[in-house]
Amino acid sequence: MAGAVADATGELVARYLQELAQIGAHGETGVWRTAYSPEWRTAQDLVARWYTEAGLVAREDAVGNVWGRLPGSDGGPAIASGSHIDSQTPGGRFDGALGVVAGLVALRTLTEQYGQPRRTLEAVSLCEEEASRFHAANFWGSRAITGAIAPGETDSVRDFDGVPIADAMRSVGLDPGQIEDARRDDLDTWIELHIEQGPVLEEAGIPVGVVDAITGIRHYVVTLTGRSDHAGARPMPGRLDAMAGAAEIVSAVIGVAQELGPPAVTTVGKVQVEPNLPAAVPERVVFTVDSRHPDADVLAEQYGRQEQLMGEIAGRRGLGVSWTTPLDLPPCPCDPEIVGVLARAATDEGVAFRRMHSGAGHDTQNMARIARVAMLFVPSKDGRSHTPAEFTEIGDAVTGIRVLTAALHRLAYEP
Ligand SMILES: [Zn+2]
């Protein structure tokens with residue numbers, strides 16, 4: 001891409017990102033834009049307008065995903081690219097938004113430079129990914145597209161104030177009874193550009209990551225039960241201290257990920273203590289364990305060792321232990337052919353890249369049920385994400401979009 005074109009693309013990308021960041025702006029650089037909020041409505045309407053301005057056929061589906069279509073002369077299944085419009089509370093300006101802008105800019109560039117594609121291209125702004133308002137939404141937008149929303153979920157999935165997602169949908173003009181209509185069976189390929197959300201690319205000084213797998217994730221909610229006693233009157237021997245057991249288990253499960261080495265990761269991020277008093281031995285501790293690895297075999301070993309340790313430590317201390325796994329996503333390998341197309345596109349554009357896995361979950365792993373998928377990453381400053389401090393250089397964003405555009409050109413224009 002010539003310098004002047006790259007400059008123009010940079011200005012366009014910066015303008016789109018800036019305008020989106022104003023919708024639900026939070027402080028200087030943050031964004032607070034949850035699914036089906038008034039800000040969400042404004043943002044999706046703006047994206048639809050941008051699609052139309054770019055010469056795409058814009059439409060909103062039954063669940064609120066906004067699509068921009070560039071029909072191909074050959075017809076047939078479509079090649080789609082996009083990401084999500086919702087944010088963390090608060091999040092930054094790039095998570096999701098950059099992928100929405102990337103799909104839009106890529107299709108706009110292709111239609112301006114090459115006219116009608118042979119195969120149909122679509123850009124999409126997905127309605128919900130972060131679960132920042134609806135804890136159990138679990139990729140609501142891409143689950144609607146893949147037909148994975150169960151009947152009854154429109155009532156059972158509720159926000160933190162207890163509002164059913166069906167009511168939230170009605171508040172922005174959507175009919176929850178029509179969700180089934182959002183299902184697609186005519187997508188062949190899905191490519192999502194996203195910020196890395198970690199430090200790998202920046203530390204390596206490499207502008208683009210070609211993602212060949214998305215990590216598997218399991219969330220455990222572990223309950224340890226002991227006995228509450230007076231913190232002074234009950235001697236140490238004979239205590240059934242749920243907190244002491246939790247502390248040992250937390251160290252042990254994190255230790256498993258450390259022993260297995262990268263890319264294994266394990267995090268205990270949430271703890272509830274009862275009775276939660278300074279002078280009482282805790283009776284009950286409930287905590288989460290987030291355990292991830294992109295390789296299915298290693299992941300099975302990781303889970304197995306962690307579960308064995310939880311049982312062993314609780315048993316030795318005379319504590320009751322039980323757990324549930326409210327989130328359990330298997331690793332998602334990307335399609336080798338699409339990964340290859342992205343790698344060749346980067347090489348053709350003279351862009352250095354590294355193959356890597358995604359340590360975060362993405363809509364892409366749902367889209368893999370119905371399409372060939374892969375992802376592109378661009379660097380995150382200091383590896384920060386899910387915070388207003390999230391930042392990606394416009395130059396890096398443009399480089400990633402250039403590779404995306406070249407890959408879509410290969411797929412949709414070349415015979
Ligand atoms: Zn995201």
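This is a predicted model, so every value here is computed, not measured.

**Side note on the packing of aromatic side chains**
Thinking step 1. Under the counting rule described, the total for this entry stands at six aromatic pairs.
Thinking step 2. With a centroid separation of 5.0 Å and an interplanar angle of 70 degrees, the aromatic rings of tyrosine 36 and tryptophan 40 are classed as edge-to-face.
Thinking step 3. Tyrosine 36 sits in the buried class, given a relative accessible area of 1%.
Thinking step 4. Seen in terms of ring centroids, tyrosine 114 and tyrosine 413 are 5.7 Å apart; in terms of plane orientation they differ by 55 degrees. Their pairing is tilted. Residue tyrosine 114 is located in helix α3 (residues 97-114), and its partner tyrosine 413 is located in the segment after α12 (394-412); the two are separated by 299 residues in the primary sequence.

**Thoughts on the coordination of the zinc ion**
Thinking step 1. Distances from the zinc ion to its protein donors, His84 (NE2), Asp95 (OD) and His194 (NE2), fall at 2.0 to 2.2 Å.
Thinking step 2. Considered as a linear motif, the donors of the zinc ion on their single chain read H-x10-D-x98-H. Remark: aspartate 95 occurs in the loop between β5 (78-84) and α3 and histidine 84 occurs in strand β5; sequence separation between them is 11 residues.
Thinking step 3. Its relative accessible area of 0% is what places histidine 84 among the buried residues.
Thinking step 4. Classification of aspartate 95 as buried rests on a relative accessible area of 7%.

**Details of the nonpolar core**
Thinking step 1. Core analysis: the largest hydrophobic core is formed by 84 residues, its most contacted members being Val13, Leu20, Tyr36, Val63, Leu121, Trp140 and Leu408.
Thinking step 2. Those residues in contact with tryptophan 140 that lie beyond four places of it in its chain are Tyr36, Val63, Cys127, Glu128, Ile149, Glu153, Thr154, Val157, Ile165, Met169 and Ile179.
Thinking step 3. Listed in part, the 18 residues of the second largest apolar core include Leu224, Ala252, Val253 and Val285.

So, how was this worked out
- One numbering rule holds for all chains: residues counted from 1, following each sequence as written.
- It should be noted that, the model being predicted, local features are given only for residues of pLDDT at least 70 and side-chain atom pairs only at 80 or more, the latter also being counted only at that level, while totals for whole chains, interfaces and linings use all residues.
- Each side-chain value is worked out from all heavy atoms of the structure, with water and hydrogens disregarded.
- Ring pairs shown here join Phe, Tyr and Trp side chains whose ring centres sit within 6.5 Å, with only the six-membered ring taken for Trp; geometry is labelled stacked below 30 degrees between planes, edge-to-face above 60, and tilted in between.
- Exposure is judged per residue with a 1.4 Å probe applied to protein chains only, and the accessible area is read against the type maximum: over 50% gives exposed, under 20% gives buried, and values in between give partly exposed.
- Numbered from the N terminus, helices here are DSSP runs of H or I no shorter than four residues, and strands are runs of E no shorter than two.
- Coordinating N, O and S atoms are those within 2.8 Å of the metal (3.2 Å for Na, K and Ca), and as water is not part of the atoms, a site may appear to have fewer donors than expected.
- Among the buried residues, those of types Ala, Val, Leu, Ile, Met, Phe, Trp, Tyr and Cys that are joined through side-chain atoms within 4.5 Å form a nonpolar core.
- Contacts between residues were defined by any pair of non-hydrogen atoms, one from each residue, lying within 4.5 Å.

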